[in-house]
Amino acid sequence: TESSARPARKRGVGEFRVGERVEGTVSAIAAYGAWVNVGAERAALLHVRDMAVEFVHDVRWVVTKGDKVTAWVKYVDAAKPTLALTLVPDRVDGGAGAGVGAGSA
């Protein structure tokens, strides 16, 4: 159908909630983490400290560009707009400083 040919609408950063499970594709790698496309208006940051429970020496040991990942939203700031992810669900606590959507996990 015609509707299936249209690209999916990008979600605003403020539409995501802390604790929400998301699927995405790694779009870029940096020394401090990876940028992941999760269908938001801009890519979400997956910081190296949020890639595993144990210390990660090199981001590329965990993800590479093009990888599909399942992650959880750790932080949302619709004003900036900033979206942060974690691969460790236990790191989503919705506590102080967790940003918009805190406690909705």
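Residues numbered from 1 in each chain as written. Predicted model: local features only at pLDDT ≥ 70, side-chain atom pairs only at ≥ 80, totals over all residues. Heavy atoms only, no water.

Caption draft 1: The overall build of the chain, seen in detail. The helix and strand tally for the chain stands at one helix and five strands. Helices and strands in the chain line up, N terminus first, as α-β-β-β-β-β. Taken across its 105 residues, the chain has 34% of its residues classed as buried. Put simply, of all contacts in the chain between residues at least 6 apart along the chain, 57% involve residues at least 24 apart. Summed over its atoms, the accessible surface of the chain is roughly 6,300 Å², and 53% of this surface lies on carbon and sulfur atoms. (Helix = DSSP H or I, 4+ residues; strand = E, 2+ residues; numbered from the N terminus. Buried < 20%, exposed > 50% of the residue type's maximum accessible area, 1.4 Å probe, protein only. Contact = heavy atoms within 4.5 Å. Areas by Shrake-Rupley, 256 points an atom, 1.4 Å probe, with all protein chains shown as cover.)

Caption draft 2: Representation of the side chain of threonine 86 within the structure. As for its position among the elements, threonine 86 is in strand S5 (residues 82–86). Separated by 3.2 Å, the side chain of threonine 86 and the backbone oxygen of aspartate 50 make a polar contact. Among the polar contacts listed, one links the side chain of threonine 86 to the backbone nitrogen of valine 88, at a separation of 3.0 Å. In contact with threonine 86, not counting residues within four places along its chain, are Leu46, Asp50, Ala71, Trp72, Lys74, Arg91 and Val92. (Polar contact = N/O pair within 3.5 Å; in protein donor to acceptor, adjacent residues only side chain to side chain.)

Caption draft 3: The sheet that holds strand S4 (residues 68–77), seen in detail. Here five strands make up a closed barrel; going around it, the order is S1-S2-S3-S5-S4 and the pairing mixed. Going across the sheet, the axis of each strand differs from the next one's by a mean of 50°, ignoring polarity. Examined bridge by bridge, S4 and S5 share five bridges and lie antiparallel to one another. By the bridge assignment, valine 76 is partnered in S5 with leucine 83. (Pairing = 2+ DSSP bridges. Axes fitted to C-alpha atoms, helices over the stretch in contact; angles between N-to-C directions.)

Caption draft 4: Layout of the pairing of strand S3 (residues 44–47). Residues Ala44 and Leu46 point to one face of S3 and are all buried, whereas Leu45 and His47, pointing to the other face, are not buried. Both strand S2 (residues 33–37) and S3 contribute to a ladder of four bridges, which runs antiparallel. Paired with valine 36 across the strands is alanine 44, a residue of S3. Between the end of S2 and the start of S3, which pair antiparallel, lie six residues, with glycine 39 showing a positive phi angle near 90°. Pairing of S3 with S5, which is carried by two bridges, proceeds in the parallel orientation. Residue pairing for S5: leucine 46 is matched across the bridge by leucine 85.

Caption draft 5: How the structure looks around the packing of aromatic side chains. Tallied over the full model, the rule gives zero aromatic pairs. Here the basic side chain of arginine 11 rests over the ring of phenylalanine 16, its NZ or CZ set 3.8 Å away from the ring centre. (Phe/Tyr/Trp six-rings, centres within 6.5 Å; stacked < 30°, edge-to-face > 60°. Lys NZ or Arg CZ within 6 Å of the ring centre and 35° of its normal.)

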